[in-house]
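Residues per chain, in single letters:
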Amino acid sequence: MSEEQVITKEPETAGAPKEWEPKIIGFLCNWCTYAGADLAGSSRLKYPANMRVVRVPCSGRVDPQFVLKAFERGFDGVLVSGCHPGDCHYAKGNYYARRRHMLLQKFLEHMGIEPERFHFDWISAAEGQKFAEVVEEFTGQVKKAGPFKGVGK
Amino acid sequence: MARVGVFVCWCGSNIAKTVDVVKVAEAAGKLPSVAYSTDYKYMCSEPGQNLIKQAIEEHKLDRIVVASCSPRLHEPTFRRCISEAGLNPFMLEMANIREHCSWVHDDKEVASEKALDLIAMSVAKAVKNEALFSQEIPLTKKALVIGGGVAGIQVALDIADAGYKVTLVEKTPSIGGRMAQYDKTFPTLDCAACILTPKMVDAASHPNIEIMTYAEVEKVSGFVGNFEVTIRKKARSVDMKKCTGCGVCYEKCPKKLPSEFDCGLGQRKAIYVPFPQAVPNVPVIDRENCRYFADGGKCGVCAKICPSQAVDYTLEDEMITDKYGAIVAATGFQPWDPTPYTNLGYGRYPDVITSLQFERLFNASGPTEGKLVRPSDHKPPKNVVFISCIGSRDDEHGYPYCSKVCCMYNAKHALLLKEKVHDAQAYVFYMDIRANGKGYEEFVRRTIEKYGAIYLRGRVSRVFQDGEKLIVRGVDTLAGKPVEIEADMVVLAAAMEAQPDAKDLARMLGISTDEYNWFSEAHPKLKPVEVLTAGIYLAGACQYPKDIPDAVAQASGAAAKVVGLFAKESLQSEPTVAEVNEDTCVDCQLCKEVCPYTAIDTKTLTDRAGNPIRTVSCVNEGLCHGCGTCVAACRSSSIQLRGFKDNQILSEIDALAFAE
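The rules we used
Residues numbered from 1 in each chain as written. Chains lettered and ligands numbered in written order. Predicted model: local features only at pLDDT ≥ 70, side-chain atom pairs only at ≥ 80, totals over all residues. Heavy atoms only, no water. Helix = DSSP H or I, 4+ residues; strand = E, 2+ residues; numbered from the N terminus. Buried < 20%, exposed > 50% of the residue type's maximum accessible area, 1.4 Å probe, protein only. Pairing = 2+ DSSP bridges. Contact = heavy atoms within 4.5 Å. Buried area = accessible area lost by both parts, 1.4 Å probe. Salt bridge = Lys/Arg side-chain N within 4 Å of Asp/Glu carboxyl O. Axes fitted to C-alpha atoms, helices over the stretch in contact; angles between N-to-C directions. Polar contact = N/O pair within 3.5 Å; in protein donor to acceptor, adjacent residues only side chain to side chain. Domains from an automatic or database assignment. Disulfide = S-S within 2.5 Å. 1 Å grid on protein atoms, 1.4 Å probe; cavity = no way out; pocket = protein on both sides within 12 Å on 5 of 7 lines; lining within 4 Å. Points joined across faces, edges and corners; volume = space filled by probe spheres on them. Nonpolar A, V, L, I, M, F, W, Y, C, P; charged D, E, K, R; others polar.

Enquirer: Teacher, can you tell me more about the overall build of chain A here?
Expert: If you tally the helices and strands in chain A, you get five helices and four strands. Secondary structure elements of chain A, listed N to C terminal, follow the sequence α-β-α-β-α-β-α-β-α. Residue burial in chain A is summarised as follows: out of 153 residues, 52% are buried.

Take a look at the structure:
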């Protein structure tokens, strides 16, 4: 048996091959996006199950190092989301978040991390539908980018 | 070594249907630091809470993870539960496996896997949790009510009757709001003025209520129990202390304008009271339209004629800053402008009017002194067509929501039409009759059966003028044929929409809004008068279209919340605020720069002899709201947010990264 044959044969013996699913982490502010995600839940909207949520008080609390740490730990995608401009529960935390993450986006590219693996958005407490859509779209986007192989690879 | 207890809730079948709770609880028991894990049908119920309390004692648990619904719903419940068992309430973490998991996924295997991940993250965070302690903060026992309609008046009266001071701020020159414009109220046909004006007078004469009309809230800062509010009292140009309300000034004023109160059907002067029963009964000068202000002081008739020298053109806007413990928003709604329905001729034909205009037409203090006549030729109308859902339940022209009250006031108008003009005939075009209130359905039936109103299920496609008549073309979907009615008057039941400045006020108060700018309550069922910001409450139609009974009921609910708050001696602060590590802080002041609340001060560290060594940042816990923006800004990780420290969040990331 040649090496090639072994490789093609293996999945058959292991049963139906499972499709690769990206691992995504989301940092959501308590007052808007986390509440929007709750609303998506109570409205029974369906979206892909790839993302796990870390609740933070404000998108302004999301230190860019959390995003970098997530990529270091091998996550395939990171979502940060907070209140719409002007709606921040803490007046202006989301503006700081926006600035930091715009800069971070550039830094990620510089590090060789594809920009489509990181997404920053505004989702309000009333936007359950938007939350489900953003998660669905982002999950698809990360899926397309494939497994994250590490910085610069 | 931490001993974490994990409690997985079934939430009946809400979670158990899509998450294998038994298996997940079993697997959670094998997570690092977990000493005990179990599952139960309803963790928030009394037996569920007792189960947690017993387990804390039996298994010597020092940290608890409850995997159930959103922490935004039951975090306070379980914090109380574990503190009753002797743990610090902040030793709790919640894994949201309902809203974020079982309700949004279908595949049981996938959802179970996700639930376990969420629990693993919560466990990892809980291990790093520290005991946190609240501090006592003072409480100003004085309430601010924004909006002087029936809801705002009710809130103010209830709070004032309980013995607390209230300031009632109203944007227009008089309190009374929309209800003051109505003639009768459904379903009892009470005269609106007869039930409202006594309340207005009660509010004005109440020793605990201060009314500020022609005033707007400019700035709000602070937090529950300690709001600082700046109110702009617009220049009235009439001295409220001197004015006796005799009314000579507006009799003599030469400048006539369309009256807002009469929806443009009547006229008012440049110096005016909006309506005869206004409270306070003190006129105001509309400076934009006053001849004195336009022509550099030439007119001045009102000042000359005033017997008590109350008119004062030199008065200026006044800014008043005061402290309040609670704020109630009762800013109401505005009627939607039906101009986008170009096919119905509103604005083009004078006898196509809105329901509120119709209401003014048969009000005794309205533009026609209660005589129901057509605006065009002042003849009484015979055939009147009422059209429902103008801007409601209509994505194309207006809003998708139901304005809730229109079906009822249509029935009221159809009934009153018959009482005013005995040989008149009412036609009501409707999509559905929504009459779900006490005595409402009976009222509609009475209008149809006893007053002969003809109800036609269907929409109107076109209204056009033909001589003196308005031709209404529509469809009767029950009969399945087109209808054409020769009408004398067409009345459009315009939707209720949020106030144009609702969004600005919401931002000022920290209220979130929905896509139509209605104010969002903290929980649609369990917290209907609260908002997400503590100390701020809602009353009336600023939240969503409401009729008078609903608005008044909610107003009393909001007042009860305020009174409940004021019954406390002091408040407990949220301990989840920022703290500075003085050993590593270098006083770069980045935290100070980004803080939205100026909560960061500079402190000088001294040696034992009291000589200054260096300066560091320090947090004023009374001002800090716990957003954590400073933490993300700090370069040396010297400032941390209790409850959301770097190591807590990083543990969550790690727990998930290394999850099986």
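Enquirer: For this particular structure, what's the right way to read the pairing of strand S26 (residues 481-487) of chain B?
Expert: Two faces belong to every sheet, and in a regular strand the side chains alternate between them. Residues and elements named next belong to chain B. Sheet analysis places strand S25 (residues 469-476) next to S26, joined by seven bridges and oriented antiparallel. Following the sheet pairing, Gly474 is matched in S26 by Val483. With antiparallel pairing between neighbouring strands as the criterion, S25 and S26 make up a hairpin whose turn holds four residues, including Gly480 at a positive phi of roughly 70°.

Enquirer: In this structure, what is going on with the interface of chain A and chain B? I would like to understand it.
Expert: Interface size, as often reported, equals the accessible area lost upon joining of the parts. Taken together, the contact between chain A and chain B spans 49 residues of the former and 53 residues of the latter. For the pair chain A and chain B, the two sides together bury roughly 4200 Å², of which 57% comes from carbon and sulfur. By the criterion of area lost to chain B, the three top residues of chain A are Arg52, Arg55 and Arg61 of chain A, representing 17% of everything that side buries. For the interface between chain A and chain B, the tally reads eight salt bridges. A salt bridge links Arg507 of chain B to Asp87 of chain A, with the nearest nitrogen and oxygen atoms 3.2 Å apart.

Enquirer: It is not clear to me how the sheet that holds strand S7 (residues 165-169) of chain B should be interpreted in this structure. Could you clarify?
Expert: Within a sheet, adjacent strands bond to each other through the backbone by hydrogen bonds, running parallel or antiparallel. Residues and elements named next belong to chain B. One open sheet holds the five strands; their spatial order is S10-S7-S6-S18-S29, and the pairing between them is parallel. Two strands close off the open sheet at either side, each with one partner strand: strand S10 (209-212) and strand S29 (536-538). With direction set aside, neighbouring strand axes in the sheet form an average angle of 20°. As defined by bridge partners, strand S6 (residues 142-146) adjoins strand S18 (residues 326-329) across four bridges and the pair is classed as parallel. When the sheet's bridge partners are listed, Val145 is paired in S18 with Val328.

Enquirer: Hey, could you run me through the pattern of salt bridges in this one?
Expert: When the charged atoms of two side chains lie near each other, side chains of opposite charge can form a pair. Residues and elements named next belong to chain B. In total, this model carries 47 salt bridges over all chains according to the counting rule given. The shortest N-O distance in the salt bridge between Glu130 and Lys645 comes to 3.0 Å. Of this pair, Glu130 sits in the loop between helix H5 (108-128) and strand S5 (136-137) while Lys645 sits in the loop between strand S34 (639-641) and helix H18 (646-657); the two residues are 515 residues apart in sequence, bridging distant segments of the chain. In this structure Glu130 comes out as partly exposed when scored by relative accessible area, which is 39%. A salt bridge links Arg393 to Asp432; its shortest N-O distance comes to 2.8 Å.

Enquirer: Would you explain the sheet that holds strand S24 (residues 460-466) of chain B in this entry?
Expert: Residues and elements named next belong to chain B. Taken in spatial order, the three strands of this open sheet run S24-S25-S26, and their pairing is antiparallel. Each edge of the open sheet is held by one strand with a lone partner, namely S24 and S26. For this sheet, the mean inter-axis angle between neighbouring strands, taken without regard to orientation, is 20°.

Enquirer: Would you take a moment to explain the side chain of Thr167 of chain B for this structure?
Expert: Mapped onto the elements of the fold, Thr167 of chain B is located in strand S7. A distance of 3.0 Å separates polar atoms of two side chains, one belonging to Thr167 of chain B and the other to Tyr324 of chain B.

Enquirer: Where do I start with the domain arrangement of chain B in this structure?
Expert: Domain boundaries assigned for chain B yield domain 1 (4-128), domain 2 (142-233 + 317-332 + 501-566), domain 3 (248-305), domain 4 (335-497) and domain 5 (578-642). Once you take the C-alpha centre of each, domain 4 of chain B and domain 5 of chain B turn out to be 64 Å apart.

Enquirer: Looking at this structure, I do not really get the state of the cysteines. What am I missing?
Expert: As used here, a disulfide is simply a covalent bond connecting the sulfur atoms of two cysteines. By the definition in use, this model includes two disulfides over all chains. Here Cys32 of chain A connects covalently by a disulfide to Cys83 of chain A, the sulfurs 2.3 Å from one another. Taking the torsion about the sulfur-sulfur bond, which here is approximately 100°, the covalent link between Cys32 of chain A and Cys83 of chain A counts as right-handed. One end of the pair, Cys32 of chain A, is in the loop between strand S1 (24-29) and helix H2 (33-42); the other, Cys83 of chain A, is in the loop between strand S3 (77-82) and helix H4 (93-111), and 51 residues separate them in sequence. Accessibility classification places Cys32 of chain A together with Cys83 of chain A in one group, the buried group. A sulfur-sulfur distance of 2.3 Å marks the disulfide that ties Cys191 of chain B to Cys194 of chain B. Residues Cys191 of chain B and Cys194 of chain B are joined through a disulfide that is right-handed, its torsion about the S-S bond being 85°. Looking at the unpaired Cys58 of chain A, the closest cysteine sulfur is the one in Cys88 of chain A, lying at 4.0 Å.

Enquirer: Any chance you could explain empty space enclosed by the protein here in plain terms?
Expert: The rolling of a water-molecule-sized probe over the atoms marks out the regions of remaining empty space. Considering all chains together, one arrives at six cavities of 30 Å³ or more under this definition. Of the voids in this model, the largest cavity is the one considered here, and its volume is about 210 Å³. Val53 and Arg55 of chain A together with Met94, Ser122 and Glu652 of chain B are, among the 17 residues lining the largest cavity, the residues nearest its centre. Elements supplying a minimum of two residues to the lining of the largest cavity: strand S2 (51-56) of chain A together with helix H3 (71-84), strand S4 (92-96) and H5 of chain B. Of the residues assigned to the lining of the largest cavity, the class counts are nine nonpolar, three polar and five charged. Taken as a whole, the second largest cavity spans an internal volume of roughly 100 Å³. Around the second largest cavity, the lining comprises 14 residues; the ones closest to its centre are Cys243, Cys246, Cys249, Pro283 and Cys306 of chain B.

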